[in-house]
Amino acid sequence: MQPARSVTFLLAFALFCLGCATGSGAPGASETAPDVAPQTTPATAPPTPPAPSMVEYDPDPWEPMNRGIFAFNEKLDNYVLEPTAKAWDFVVPGIAQTGLRNFFDNLRIPTIFVNDLLQGKPDAAAYDVLRLLYNSFFGLGGFIDIATMVDIPKSDEDFGQTLGVWGVPSGPYLMVPLLGPYTIRSGFGQVVDATASSYAYFTPFWTQIANLSELGNAGASVGFKAVELLNLRAIYLEELEASRLDAFDYYVFIRNAYLQNRRARVLDQTDAPAASADELYYFDDEMSGDDDDDDFDYDDDEEDFDDF
(Lines give C-alpha, C1' and ligand atoms only; values in the text may rest on other atoms or scores of the structure.)
Protein backbone atom coordinates (compact mmCIF):
# COMPACT_ATOMS: atom_id res chain seq x y z
CA MET A 1 0.00 0.00 0.00
CA GLN A 2 2.76 2.37 0.78
CA PRO A 3 4.27 2.28 -2.68
CA ALA A 4 0.85 3.01 -4.13
CA ARG A 5 0.36 5.91 -1.75
CA SER A 6 3.80 7.24 -2.63
CA VAL A 7 3.02 7.06 -6.33
CA THR A 8 -0.31 8.82 -5.78
CA PHE A 9 1.34 11.54 -3.71
CA LEU A 10 4.04 12.15 -6.30
CA LEU A 11 1.46 12.28 -9.08
CA ALA A 12 -0.69 14.80 -7.17
CA PHE A 13 2.37 16.93 -6.37
CA ALA A 14 3.39 16.96 -10.05
CA LEU A 15 -0.11 18.05 -11.09
CA PHE A 16 -0.07 20.82 -8.44
CA CYS A 17 3.26 22.17 -9.71
CA LEU A 18 2.03 22.07 -13.29
CA GLY A 19 -1.06 24.05 -12.33
CA CYS A 20 1.00 26.68 -10.53
CA ALA A 21 3.28 27.02 -13.51
CA THR A 22 0.41 27.59 -15.95
CA GLY A 23 -1.62 29.87 -13.65
CA SER A 24 1.14 32.23 -12.58
CA GLY A 25 3.04 32.38 -15.88
CA ALA A 26 3.46 35.35 -18.22
CA PRO A 27 0.31 36.49 -19.97
CA GLY A 28 1.74 35.55 -23.28
CA ALA A 29 1.95 31.92 -22.22
CA SER A 30 -1.79 31.41 -21.89
CA GLU A 31 -3.48 34.37 -23.62
CA THR A 32 -2.71 37.02 -26.16
CA ALA A 33 -1.67 40.33 -24.62
CA PRO A 34 -3.60 43.40 -25.95
CA ASP A 35 -1.89 45.47 -28.60
CA VAL A 36 -0.57 48.67 -27.02
CA ALA A 37 0.81 51.43 -29.28
CA PRO A 38 4.32 52.36 -28.28
CA GLN A 39 4.63 55.73 -26.58
CA THR A 40 6.69 58.07 -28.76
CA THR A 41 7.48 61.74 -28.46
CA PRO A 42 5.44 63.64 -31.09
CA ALA A 43 7.67 65.28 -33.69
CA THR A 44 7.35 69.03 -34.15
CA ALA A 45 5.72 69.73 -37.52
CA PRO A 46 7.59 72.21 -39.73
CA PRO A 47 5.86 75.60 -40.03
CA THR A 48 3.59 75.91 -43.04
CA PRO A 49 4.99 78.48 -45.45
CA PRO A 50 2.60 81.28 -46.37
CA ALA A 51 0.79 81.07 -49.65
CA PRO A 52 2.58 82.85 -52.52
CA SER A 53 -0.22 85.41 -52.82
CA MET A 54 0.25 86.42 -49.19
CA VAL A 55 4.02 86.90 -49.34
CA GLU A 56 4.72 90.52 -48.64
CA TYR A 57 6.25 92.38 -51.54
CA ASP A 58 8.00 95.69 -51.04
CA PRO A 59 7.61 97.77 -54.21
CA ASP A 60 9.73 100.59 -52.77
CA PRO A 61 12.93 99.13 -51.29
CA TRP A 62 14.79 102.38 -51.99
CA GLU A 63 12.30 104.58 -50.15
CA PRO A 64 14.82 106.67 -48.15
CA MET A 65 16.69 107.61 -51.34
CA ASN A 66 13.45 108.09 -53.27
CA ARG A 67 12.07 110.42 -50.59
CA GLY A 68 15.19 112.55 -50.80
CA ILE A 69 14.91 112.83 -54.57
CA PHE A 70 11.18 113.50 -54.27
CA ALA A 71 11.86 116.35 -51.82
CA PHE A 72 14.36 117.83 -54.30
CA ASN A 73 11.84 117.57 -57.15
CA GLU A 74 9.14 119.17 -55.03
CA LYS A 75 11.32 122.16 -54.17
CA LEU A 76 12.28 122.55 -57.82
CA ASP A 77 8.62 122.42 -58.77
CA ASN A 78 7.56 124.86 -56.05
CA TYR A 79 10.21 127.47 -56.81
CA VAL A 80 10.73 127.11 -60.57
CA LEU A 81 8.31 124.96 -62.52
CA GLU A 82 5.02 125.87 -60.83
CA PRO A 83 5.55 129.67 -61.01
CA THR A 84 6.60 129.32 -64.66
CA ALA A 85 3.56 127.15 -65.38
CA LYS A 86 1.28 129.73 -63.75
CA ALA A 87 2.76 132.43 -65.96
CA TRP A 88 2.30 130.18 -68.99
CA ASP A 89 -1.29 129.51 -67.99
CA PHE A 90 -1.90 133.24 -67.64
CA VAL A 91 -0.45 134.09 -71.05
CA VAL A 92 -1.48 131.09 -73.19
CA PRO A 93 -5.25 130.58 -73.63
CA GLY A 94 -6.73 127.24 -72.63
CA ILE A 95 -7.65 126.35 -76.21
CA ALA A 96 -4.04 126.84 -77.27
CA GLN A 97 -2.82 124.64 -74.39
CA THR A 98 -5.20 121.89 -75.49
CA GLY A 99 -4.00 122.28 -79.07
CA LEU A 100 -0.37 121.91 -78.02
CA ARG A 101 -1.18 118.79 -76.02
CA ASN A 102 -2.98 117.33 -79.04
CA PHE A 103 -0.02 118.18 -81.23
CA PHE A 104 2.49 116.39 -79.01
CA ASP A 105 0.14 113.43 -78.59
CA ASN A 106 -0.03 113.16 -82.37
CA LEU A 107 3.77 113.00 -82.57
CA ARG A 108 3.72 109.96 -80.28
CA ILE A 109 1.32 107.92 -82.41
CA PRO A 110 4.03 106.13 -84.47
CA THR A 111 5.65 104.72 -81.31
CA ILE A 112 2.20 103.80 -79.95
CA PHE A 113 1.52 102.01 -83.23
CA VAL A 114 4.71 99.92 -82.89
CA ASN A 115 3.90 99.00 -79.28
CA ASP A 116 0.38 97.96 -80.23
CA LEU A 117 1.87 95.60 -82.81
CA LEU A 118 4.40 94.25 -80.31
CA GLN A 119 1.55 93.56 -77.88
CA GLY A 120 -0.46 91.69 -80.49
CA LYS A 121 -3.18 94.33 -80.94
CA PRO A 122 -3.65 94.71 -84.70
CA ASP A 123 -7.04 96.44 -84.35
CA ALA A 124 -5.58 99.10 -82.08
CA ALA A 125 -2.65 99.54 -84.46
CA ALA A 126 -5.07 100.09 -87.35
CA TYR A 127 -6.88 102.77 -85.33
CA ASP A 128 -3.50 104.40 -84.62
CA VAL A 129 -2.92 104.81 -88.35
CA LEU A 130 -6.38 106.32 -88.80
CA ARG A 131 -5.84 108.74 -85.91
CA LEU A 132 -2.52 109.86 -87.35
CA LEU A 133 -4.01 110.45 -90.80
CA TYR A 134 -7.14 112.23 -89.58
CA ASN A 135 -5.37 114.50 -87.10
CA SER A 136 -2.38 115.26 -89.32
CA PHE A 137 -4.35 116.13 -92.45
CA PHE A 138 -7.68 117.36 -91.11
CA GLY A 139 -6.59 118.52 -87.67
CA LEU A 140 -3.95 121.05 -88.73
CA GLY A 141 -0.97 118.85 -87.96
CA GLY A 142 -2.55 117.37 -84.85
CA PHE A 143 -3.58 120.56 -83.06
CA ILE A 144 -7.23 119.55 -83.42
CA ASP A 145 -8.20 116.05 -82.33
CA ILE A 146 -10.47 115.25 -85.26
CA ALA A 147 -10.09 111.48 -84.68
CA THR A 148 -11.79 111.69 -81.29
CA MET A 149 -14.59 113.77 -82.79
CA VAL A 150 -15.35 110.95 -85.24
CA ASP A 151 -15.11 108.29 -82.50
CA ILE A 152 -11.82 106.67 -83.51
CA PRO A 153 -10.54 104.84 -80.40
CA LYS A 154 -7.39 106.19 -78.78
CA SER A 155 -4.56 103.95 -77.64
CA ASP A 156 -1.78 104.93 -75.26
CA GLU A 157 0.76 102.11 -75.21
CA ASP A 158 4.44 102.45 -74.41
CA PHE A 159 7.36 100.05 -74.36
CA GLY A 160 7.18 99.70 -70.57
CA GLN A 161 3.65 98.34 -70.99
CA THR A 162 4.88 96.09 -73.79
CA LEU A 163 7.50 94.59 -71.49
CA GLY A 164 4.79 94.05 -68.88
CA VAL A 165 2.62 92.22 -71.41
CA TRP A 166 5.63 90.04 -72.23
CA GLY A 167 5.93 89.09 -68.55
CA VAL A 168 8.91 91.22 -67.55
CA PRO A 169 8.67 92.11 -63.81
CA SER A 170 8.20 95.77 -63.00
CA GLY A 171 11.12 95.97 -60.60
CA PRO A 172 11.49 98.46 -57.74
CA TYR A 173 9.96 101.91 -57.70
CA LEU A 174 12.41 104.68 -58.50
CA MET A 175 12.12 108.45 -58.22
CA VAL A 176 14.29 110.12 -60.86
CA PRO A 177 15.60 113.67 -60.40
CA LEU A 178 13.69 116.19 -62.57
CA LEU A 179 11.76 113.41 -64.34
CA GLY A 180 9.61 112.00 -61.54
CA PRO A 181 8.39 108.46 -60.74
CA TYR A 182 9.25 105.29 -62.62
CA THR A 183 9.82 101.61 -62.09
CA ILE A 184 12.87 99.89 -63.52
CA ARG A 185 10.73 98.43 -66.29
CA SER A 186 8.87 101.62 -67.16
CA GLY A 187 12.09 103.64 -66.98
CA PHE A 188 13.81 101.36 -69.48
CA GLY A 189 10.71 101.50 -71.65
CA GLN A 190 10.77 105.29 -71.52
CA VAL A 191 14.37 105.32 -72.77
CA VAL A 192 13.41 103.08 -75.70
CA ASP A 193 10.35 105.19 -76.54
CA ALA A 194 12.32 108.44 -76.29
CA THR A 195 14.97 107.06 -78.61
CA ALA A 196 12.34 105.86 -81.08
CA SER A 197 10.46 109.17 -81.03
CA SER A 198 13.55 111.35 -81.29
CA TYR A 199 12.53 112.08 -84.88
CA ALA A 200 10.00 114.53 -83.43
CA TYR A 201 12.61 116.51 -81.51
CA PHE A 202 15.89 116.03 -83.36
CA THR A 203 14.88 116.37 -86.98
CA PRO A 204 16.55 117.96 -90.02
CA PHE A 205 13.93 120.70 -89.77
CA TRP A 206 15.95 122.74 -87.32
CA THR A 207 19.11 122.56 -89.43
CA GLN A 208 17.78 122.61 -92.97
CA ILE A 209 14.81 124.95 -92.66
CA ALA A 210 15.63 127.10 -89.63
CA ASN A 211 19.32 127.15 -90.68
CA LEU A 212 20.59 126.43 -87.15
CA SER A 213 24.00 125.11 -86.18
CA GLU A 214 24.38 121.75 -84.43
CA LEU A 215 24.45 123.51 -81.06
CA GLY A 216 21.42 125.57 -81.99
CA ASN A 217 19.69 122.42 -83.24
CA ALA A 218 20.23 120.70 -79.89
CA GLY A 219 19.01 123.77 -78.00
CA ALA A 220 15.90 124.05 -80.12
CA SER A 221 15.12 120.35 -79.62
CA VAL A 222 15.51 120.62 -75.84
CA GLY A 223 13.33 123.73 -75.85
CA PHE A 224 10.73 121.87 -77.90
CA LYS A 225 10.51 119.19 -75.20
CA ALA A 226 10.50 121.80 -72.44
CA VAL A 227 7.47 123.48 -74.00
CA GLU A 228 5.63 120.14 -73.96
CA LEU A 229 6.36 119.55 -70.26
CA LEU A 230 5.62 123.13 -69.28
CA ASN A 231 2.31 123.03 -71.12
CA LEU A 232 1.32 119.82 -69.32
CA ARG A 233 2.28 121.32 -65.96
CA ALA A 234 0.08 124.32 -66.68
CA ILE A 235 -2.87 122.09 -67.62
CA TYR A 236 -2.69 120.23 -64.29
CA LEU A 237 -2.09 123.17 -61.97
CA GLU A 238 -5.38 122.76 -60.10
CA GLU A 239 -5.26 118.96 -59.92
CA LEU A 240 -1.76 118.87 -58.47
CA GLU A 241 -2.49 121.61 -55.97
CA ALA A 242 -5.63 119.80 -54.78
CA SER A 243 -3.79 116.49 -54.38
CA ARG A 244 -1.07 118.19 -52.29
CA LEU A 245 -3.68 119.68 -49.98
CA ASP A 246 -5.63 116.43 -49.58
CA ALA A 247 -2.69 114.06 -49.10
CA PHE A 248 -1.34 113.51 -45.59
CA ASP A 249 1.79 111.93 -47.16
CA TYR A 250 2.17 113.26 -50.68
CA TYR A 251 5.10 110.96 -51.46
CA VAL A 252 3.05 107.83 -50.66
CA PHE A 253 0.07 109.24 -52.57
CA ILE A 254 2.12 109.82 -55.73
CA ARG A 255 3.91 106.47 -55.45
CA ASN A 256 0.77 104.38 -55.05
CA ALA A 257 -1.16 106.31 -57.69
CA TYR A 258 1.68 105.79 -60.16
CA LEU A 259 2.07 102.06 -59.47
CA GLN A 260 -1.67 101.45 -59.64
CA ASN A 261 -1.90 103.44 -62.86
CA ARG A 262 0.90 101.45 -64.48
CA ARG A 263 -0.58 98.12 -63.42
CA ALA A 264 -4.02 99.04 -64.75
CA ARG A 265 -2.57 100.11 -68.09
CA VAL A 266 -0.49 96.96 -68.50
CA LEU A 267 -3.57 94.81 -67.79
CA ASP A 268 -5.83 97.02 -69.96
CA GLN A 269 -8.11 97.61 -66.98
CA THR A 270 -8.46 101.37 -67.26
CA ASP A 271 -12.26 101.06 -67.35
CA ALA A 272 -12.49 99.69 -63.79
CA PRO A 273 -13.87 101.81 -60.90
CA ALA A 274 -11.58 104.62 -59.78
CA ALA A 275 -9.55 104.28 -56.61
CA SER A 276 -10.53 106.34 -53.60
CA ALA A 277 -8.01 108.63 -51.94
CA ASP A 278 -7.68 106.28 -48.95
CA GLU A 279 -6.88 103.31 -51.19
CA LEU A 280 -3.92 105.15 -52.64
CA TYR A 281 -2.11 104.87 -49.30
CA TYR A 282 -2.16 101.09 -49.08
CA PHE A 283 -0.99 98.19 -51.19
CA ASP A 284 -3.38 95.27 -51.55
CA ASP A 285 -2.41 91.64 -52.07
CA GLU A 286 -2.67 91.93 -55.84
CA MET A 287 0.20 94.39 -55.88
CA SER A 288 2.58 91.63 -54.74
CA GLY A 289 2.80 90.46 -58.34
CA ASP A 290 4.91 91.64 -61.24
CA ASP A 291 2.94 94.58 -62.33
CA ASP A 292 3.21 98.19 -61.50
CA ASP A 293 1.64 98.58 -60.98
CA ASP A 294 -4.50 97.56 -59.27
CA ASP A 295 -7.71 97.62 -61.12
CA PHE A 296 -8.42 101.32 -61.17
CA ASP A 297 -9.68 103.77 -63.72
CA TYR A 298 -7.47 106.55 -64.94
CA ASP A 299 -8.86 109.11 -67.34
CA ASP A 300 -6.93 110.88 -70.06
CA ASP A 301 -5.69 113.58 -67.70
CA GLU A 302 -4.09 111.10 -65.33
CA GLU A 303 -2.54 109.17 -68.18
CA ASP A 304 -0.97 112.36 -69.48
CA PHE A 305 0.36 113.10 -66.01
CA ASP A 306 1.97 109.65 -65.99
CA ASP A 307 3.99 110.69 -69.00
CA PHE A 308 4.79 113.98 -67.32
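Our structure's up above, just so we're on the same page.
To start, this report covers the structure provided alongside it. From a predicted model like this one, the values you see are computed outputs, not experimental measurements.

1. Examining the pattern of salt bridges
Here comes step 1: Within the structure shown, the criterion is met by 18 salt bridges.
Here comes step 2: In this structure, Arg-244 engages Glu-74 in a salt bridge whose closest nitrogen and oxygen atoms are separated by 2.9 Å. With Arg-244 in helix α12 (residues 237-246) and Glu-74 in helix α3 (residues 63-91), the pair connects residues that are 170 residues apart, well separated along the chain.
Here comes step 3: Judged by relative accessible area, which is 21%, Arg-244 ranks as partly exposed.
Here comes step 4: For Glu-74, a relative accessible area of 17% gives the class buried.

2. Some remarks on the pairing of strand β1 (residues 173-176)
Here comes step 1: Because side chains alternate across β1, one face comprises the buried residues Tyr-173 and Met-175, and the other comprises Leu-174 and Val-176, none of which is buried.
Here comes step 2: Summarising the sheet, β1 and strand β2 (residues 180-183) pair through four bridges and their orientation is antiparallel. Counterpart to Leu-174 in the pairing with β2 is Tyr-182.
Here comes step 3: Here β1 folds back onto β2, and the loop between the two strands holds three residues, one of which, Leu-178, carries a positive phi near 75°.

3. Comments concerning a nonpolar patch on the surface
Here comes step 1: Taken together, the side chains of Tyr-127, Val-129, Leu-130, Leu-133, Tyr-134, Phe-137, Phe-138, Leu-140, Phe-143, Ile-144, Met-149 and Val-150 present a nonpolar region at the surface, about 1,200 Å² in accessible area.
Here comes step 2: The dominant element in the nonpolar patch, judged by the number of residues it contributes, is helix α6 (residues 122-138), at seven residues.
Here comes step 3: Looking at where Tyr-134 falls in the secondary structure, it is placed in helix α6.
Here comes step 4: According to the relative accessible area criterion, Tyr-134 is partly exposed, its value standing at 31%.

4. With respect to the environment of Leu-230
Here comes step 1: Following the sequence through the fold, Leu-230 ends up in helix α11 (residues 214-235).
Here comes step 2: Separated by 148 residues in the primary sequence, Leu-230 and Glu-82 have C-alpha atoms spaced 8.9 Å apart.
Here comes step 3: The contacts of Leu-230, once residues within four sequence positions are left out, are Leu-81, Thr-84, Ala-85 and Trp-88.

5. Observations regarding the environment of Tyr-251
Here comes step 1: With respect to the helices, strands and loops of the structure, Tyr-251 is situated in helix α13 (residues 250-266).
Here comes step 2: Accessibility expressed as a relative area gives 2% for Tyr-251, which makes it buried.
Here comes step 3: Remark: the alpha-carbon pair of Tyr-251 and Glu-74, spanning 177 residues in sequence, is separated by 9.8 Å.
Here comes step 4: Side-chain polar atoms of Tyr-251 contact the side chain of Asp-60, separated by 2.5 Å.

6. Some words on unusual backbone geometry
Here comes step 1: Even without being a glycine, Leu-140 presents a positive backbone phi close to 55°.
Here comes step 2: Structurally, Leu-140 is set in the loop between α6 and α7 (146-149).
Here comes step 3: The residue Leu-178 is not glycine, and still its phi comes out positive at about 75°.
Here comes step 4: As for its placement among the helices and strands, Leu-178 is situated in the loop between β1 and β2.

Parameters and conventions
- Residues numbered from 1 in each chain as written.
- Predicted model: local features only at pLDDT ≥ 70, side-chain atom pairs only at ≥ 80, totals over all residues.
- Heavy atoms only, no water.
- Salt bridge = Lys/Arg side-chain N within 4 Å of Asp/Glu carboxyl O.
- Helix = DSSP H or I, 4+ residues; strand = E, 2+ residues; numbered from the N terminus.
- Buried < 20%, exposed > 50% of the residue type's maximum accessible area, 1.4 Å probe, protein only.
- Pairing = 2+ DSSP bridges.
- Patch = residues over 30% accessible without salt bridge, like charges linked within 9 Å, V, L, I, M, F, W, Y side chains within 5 Å.
- Areas by Shrake-Rupley, 256 points an atom, 1.4 Å probe, with all protein chains shown as cover.
- Contact = heavy atoms within 4.5 Å.
- Polar contact = N/O pair within 3.5 Å; in protein donor to acceptor, adjacent residues only side chain to side chain.

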